[in-house]
Amino acid sequence: MPGEAAFYGPKLDIQARTAIGHEITVSTIQLDFLLPQKFELAFINALGEKERPIMIHRGLIGTYERFIAVLLEQTKGVLPLWCAPKQVEIIPVNEELNAAYADEVWKALKQAKIRAGIDNRDERLSYKIRDAQVKKIPFQLVLGKKEQEEKTVTYRKYGSEEQITVSLTEFIKILTNKIINKTYD
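The rules behind these values
Residues numbered from 1 in each chain as written. Predicted model: local features only at pLDDT ≥ 70, side-chain atom pairs only at ≥ 80, totals over all residues. Heavy atoms only, no water. Helix = DSSP H or I, 4+ residues; strand = E, 2+ residues; numbered from the N terminus. Rg over C-alpha atoms; globule rule 2.2 N^0.38 Å. Buried < 20%, exposed > 50% of the residue type's maximum accessible area, 1.4 Å probe, protein only. Contact = heavy atoms within 4.5 Å. Areas by Shrake-Rupley, 256 points an atom, 1.4 Å probe, with all protein chains shown as cover. Lys, Arg positive; Asp, Glu negative; His and termini not counted. Charge placed at Lys NZ, Arg CZ, Asp CG, Glu CD. Phe/Tyr/Trp six-rings, centres within 6.5 Å; stacked < 30°, edge-to-face > 60°. Pairing = 2+ DSSP bridges. Axes fitted to C-alpha atoms, helices over the stretch in contact; angles between N-to-C directions. Expected span 1.5 Å × (residues − 1). Core = buried A, V, L, I, M, F, W, Y, C linked by side-chain atoms within 4.5 Å.

**A look at the overall build of the protein chain**
Counting secondary structure elements, the protein chain contains six helices and ten strands. Taken over C-alpha atoms, the radius of gyration comes to 26 Å for the protein chain, far larger than the 16 Å a tight globule of 185 residues would show. Considering only C-alpha atoms, the protein chain reaches an extent of 80 × 40 × 25 Å along its principal axes. The buried share among the 185 residues of the protein chain stands at 29%. Restricting the contact set of the protein chain to residue pairs at least 6 apart, pairs at least 24 apart contribute 53%. Total accessible area on the protein chain is roughly 12300 Å²; 56% of this is exposed by carbon and sulfur atoms. Here the protein chain holds 27 positive side-chain charges and 25 negative ones, and the gap between their average locations is 1 Å.

**Points about the packing of aromatic side chains**
Two measures describe an aromatic ring pair: the distance that separates the ring centres and the angle between the ring planes. Within the structure shown, the criterion is met by three aromatic pairs. Judged by centre distance (5.3 Å) and plane angle (40 degrees), the rings of Tyr155 and Phe171 are tilted. Here the residue Tyr155 occupies a position in strand β9 (residues 152-157), and Phe171 occupies one in helix α6 (residues 168-180), the gap between them amounting to 16 residues. The residues Tyr155 and Phe171 share a single accessibility class, namely buried. Grouped by ring-pair contacts, the aromatic residues Phe139, Tyr155 and Phe171 constitute a single cluster.

**Observations regarding the environment of Leu97**
Residue position: Leu97 is located in helix α3 (residues 95-111). Taking the C-alpha atoms as reference points, Leu97 and Lys145, separated by 48 residues in sequence, lie 7.8 Å from one another.

**Let's talk about the sheet that holds strand β10 (residues 164-167)**
Taken in spatial order, the five strands line up as β7-β6-β8-β9-β10 in an open sheet, and their pairing is mixed. In this open sheet, the two edge strands, each paired with only one partner strand, are β7 (116-118) and β10. Between one strand and the next, the sheet's axes are offset by a mean angle of 30 degrees, whatever the strand orientation. By the bridge criterion, five bridges tie strand β6 (residues 88-92) to strand β8 (residues 139-143) in an arrangement that is parallel. Along β8, the bridge assignment pairs Val88 with Phe139.

**What to know about helix α2 (residues 64-75)**
Taking 1.5 Å per residue, twelve residues should reach 16 Å; α2 reaches 17 Å between its end C-alpha atoms and fits that length. Directly beyond the C-terminal end of α2, a positive phi value near 55 degrees is found at Lys76.

**Re the sheet that holds strand β5 (residues 55-59)**
Across the sheet, which stays open at both edges, the three strands sit in the order β1-β2-β5 with antiparallel pairing between neighbours. The sheet terminates laterally at β1 (11-17) and β5, the two strands that pair on one side only. Direction aside, the axes of adjacent strands within the sheet are offset by 10 degrees on average. Here strand β2 (residues 23-32) pairs with β5 via five bridges, running antiparallel. Within β5, the position partnered with Thr28 by the bridge is Gly59.

**Some remarks on the nonpolar core**
If you look at the biggest cluster of nonpolar residues, it comprises 19 residues, and the most contacted ones within it are Val88, Val105, Leu109, Leu141, Val153 and Phe171. Those elements that place two or more of their residues in this core are β6, α3, β8, β9 and α6. A total of five residues in this core trace back to one element, the largest contributor, which is α6. Those residues within four positions of Val105 in sequence are excluded, and the remaining contacts are Ile90, Leu141, Leu143, Val153 and Leu168. Among the nonpolar cores identified, the runner-up in size contains five residues, and Ile129, Ala132, Ile137 and Val142 belong to it.

See the structure below:
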């Protein structure tokens with residue numbers, strides 16, 4: 001291909017078209033005749049003769065940055081629970097009254113190896129929920145007086161308006177199962 005970086009020797013690229021129509025190189029395998037010569041590399045072959053090797057460069061997923069960019073583009077930033085950097089956003093209804101329970105829930109999630117954060121900003125509840133949705137966090141927990149008294153959590157999945165109340169233990173089981181089984185729902 002004209003303009004390509006195949007200066008070592010023949011190269012095989014695997015091309016893919018992204019969700020927005022860009023053609024990118026996903027992986028590359030390239031023969032290199034120059035570096036073995038430059039470094040005076042040699043080996044003894046089966047016949048006992050000195051022979052120069054051919055080096056093979058391989059980039060199975062291209063660069064890490066390109067892989068992440070393609071993943072985010074293909075999923076439109078909606079990562080599955082097991083892959084999301086932040087899996088749960090804990091949103092106390094009243095920061096003063098529900099802060100201790102929010103912290104208790106956060107510690108239980110952390111102990112279960114679930115990545116969570118607490119949104120304790122001085123903002124309206126609807127703003128915090130919307131913000132978590134915009135950030136595409138897979139689960140939002142809304143914790144108020146009822147949840148605190150009953151040791152439950154009310155959760156909402158990304159992209160849904162349905163709110164479901166379950167015990168904290170049950171919520172952790174649900175998430176742990178989804179993470180272990182790498183589900184996409």
